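As a plain string of letters, each chain reads:
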Amino acid sequence: MSQNGMDTGSRGYWLIILLLSTFIVVLGAGTASALLPARADTAQEAAGPEESIGTADAADADHAEARQTAAAEDDPAVEAESEPETSLNHAVQAVSDAAGTAQDALEEAERRRRAEDWRLILVNPEHKAPEGYTVELATVDRGYQVDARCAEELTQMLADCRSAGHDPIICSAFREHSYQEQLFQNSIWNFRSRGYSEAEAIELTSQELAVPGTSEHELGLAVDIVSRSHQILDKAQENTGTQKWLMENSWKYGFVLRYPTDRTDITGIIYEPWHYRYVGKEYAKEMYEKDLCLEEYLAE
Ligand SMILES: [Zn+2]
């Protein structure tokens, strides 16, 4: 019995050992299986960068592309965004179109404003002065007359030019239409008396005098200014201190050199470094800065 008792006790002991061993094995396997994936992940992560070292840029680009494609295909948030984006593009285009139309309208309004402004009246070989154009005159330097609305600025310009040490004098200003007609007719008679035909006489006169109605002097807004020391209407006038000062400063008083040397094909008038036209300070400044003659400015 004692042996049996011992045997029984021994079997119980071994049973406990067996159970404990089984428990430890199961526990160990569980722990191992729980640990394995973690180690594998760690291994993969460790291997990842090593694998892509050689083609890091290409891999990045591929990944970026893949991410974009995935995002576009799978991400509903991105899909939802693409529609508003299209609408936004349309809205931007519509605003841009509207701005363009508004800009066109503004430019057209500006052209109309200029066309109606007395300071910008265009008179040239193709554009005659308005029929029966009348103007209130004011007397300035040496008894010459100009449109009263520009008399003050003209007087100030001459005074400042003199203060700068120069000697400007007016040699022509407002010319009455009837006076221009009379000059023109006298010249034709003169050529006829020398044996020229009527057509030849008109042609020769037109080369020297503006056809009545096509001279800015009839507006009272044009003035010929020369240096007292060089009272000849020729190209050399541009070399005088007076003209140099006027060409540089006249715009500040609202006057522009009307017939520049490089615009004769546009103005239809020879270079006249003595003929100044009043257009007002605002326009004169813009024309001077943009280097535009009146024809160009009105067509801008
Ligand atoms: Zn003139």
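Owing to the predicted nature of the structure, the values given are computational and were not obtained by experimental measurement. Residue indices follow the written sequence of each chain, beginning from 1 at its first position. Note on the predicted model: pLDDT of at least 70 is required for a residue's local features to be given, and 80 or more for side-chain atom pairs to be given and counted; whole-chain, interface and lining totals, by contrast, use all residues.

Asker: It is not clear to me how the overall build of the protein chain should be interpreted in this structure. Could you clarify?
Answerer: Numbering goes from the N terminus for both helices and strands, where a helix is a DSSP run of H or I of at least four residues and a strand is a run of E of at least two. Of the regular secondary structure elements, the protein chain holds 10 helices and 6 strands. Counting other C-beta atoms within 10 Å of each residue's C-beta, where C-beta atoms are placed from the backbone, gives the exposure class: buried for 20 or more, exposed for 12 or fewer, partly exposed between. Evaluated residue by residue, the protein chain yields a buried proportion of 19% over its 300 residues. Here the contact rule is simple: place C-beta atoms from the backbone, and any two residues whose C-beta atoms are within 7 Å are in contact. Put simply, 65% of the contacts in the protein chain that link residues at least 6 apart link residues at least 24 apart.

Asker: Honestly, the sheet that holds strand β5 (residues 255–257) in this entry has me stumped. Any pointers?
Answerer: Remark on secondary structure: sheet strands pair via backbone hydrogen bonds, oriented parallel or antiparallel. Read from one edge of the open sheet, 4 strands run β3-β4-β6-β5, paired in antiparallel fashion. At either margin of the open sheet sits one strand with a lone partner, and together these are β3 (168–172) and β5. Across this sheet, the average inter-strand angle for adjacent strands is 40°, counted without regard to direction. A pair of strands is labelled paired if DSSP reports no fewer than 2 bridges between them. Here β3 runs beside strand β4 (residues 222–227); their pairing, made up of 4 bridges, is antiparallel. From the neighbouring strand, Ile170 faces β4, where its bridge partner is Ile225. Between the N-to-C directions of two axes lies an angle of 0 to 180 degrees, each axis being a line fitted to C-alpha atoms and, for a helix, fitted only over the stretch in contact. Contacting β3, β4, β5 and β6 (275–278), helix α7 (residues 241–249) crosses the sheet at an angle of about 140° to β4.

Asker: When you look at the nonpolar core in this model, what are you seeing that I'm missing?
Answerer: A general tendency of soluble globular proteins is for nonpolar side chains to be buried together. Working definition: the nonpolar core is a set of buried Ala, Val, Leu, Ile, Met, Phe, Trp, Tyr and Cys residues, joined through C-beta atoms within 7 Å. By size, the foremost hydrophobic cluster in this structure holds 32 residues, and its most contacted members are Val146, Leu154, Val223, Phe255 and Val256. Counting only elements with at least two residues in this core, the list comes to α4 (148–163), β4, β5, β6 and α9 (281–290). At 6 residues, α4 tops the list of elements feeding residues into this core. Those residues in contact with Phe255 that lie beyond four places of it in its chain are Met157, Ser250, Tyr276, Arg277, Tyr278 and Ala284.

Asker: Is there a simple way to explain the pairing of β4 in this structure?
Answerer: One face of the sheet, then the other: side chains in a regular strand alternate in exactly this way. Counted residue by residue, β4 has 5 buried out of 6 residues, so it is predominantly covered. Direction of pairing for β4 relative to β6: antiparallel, over a ladder of 3 bridges. Note on β6: the bridge partner recorded for Ala222 is Arg277.

Asker: I'm lost on the environment of Arg277 in this one. Help?
Answerer: Residue placement: Arg277 occurs in strand β6. Overall, Arg277 belongs to the buried group, with 26 C-beta atoms counted inside 10 Å. Remark: the alpha-carbon pair of Arg277 and Leu257, spanning 20 residues in sequence, is separated by 6.5 Å. Those residues in contact with Arg277, other than ones at most four positions away along the chain, are Glu216, Leu221, Ala222, Phe255, Val256, Arg258 and Leu294.

Asker: Any chance you could explain unusual backbone geometry here in plain terms?
Answerer: Negative phi is the rule for most residues except glycine; trans is the rule for most peptide bonds. Unlike most non-glycine residues, Arg142 shows phi in positive territory, near 55°. Positionally, Arg142 belongs in the loop between β1 (137–139) and β2 (145–147).

Asker: What is the right way to read α4 from this model?
Answerer: Three- or four-residue spacings in an α-helix give side chains the same orientation, since the helix completes a turn every 3.6 residues. The span you would expect from a helix comes to 1.5 Å times its residue count less one. Spanning 16 residues, α4 covers 23 Å between terminal C-alpha atoms, matching the ideal 22 Å at 1.5 Å per step. The set of residues buried in α4 consists of Cys150, Ala151, Leu154, Met157, Leu158 and Cys161. Down the axis, α4 shows its buried residues gathered within 140° of arc, on one side only. Residues of α4 that are exposed and point more than 90 degrees away from the buried face comprise Ala159 and Ser163. Following α4 by one or two positions, Gly165 has its phi on the positive side, about 100°. To be clear, the arc concerns the directions from the helix axis to the C-beta atoms.

Asker: Is there a simple way to explain the confidence of the model for the protein chain in this structure?
Answerer: Values of pLDDT, the confidence the predictor places in each residue, fall between 0 and 100. Mean pLDDT over the protein chain: 79, with 73% of residues reaching 70 or higher. Between residues 22–78, whose pLDDT stays under 50, and residues either more than four places distant or in other chains, the model counts 3 contacts.

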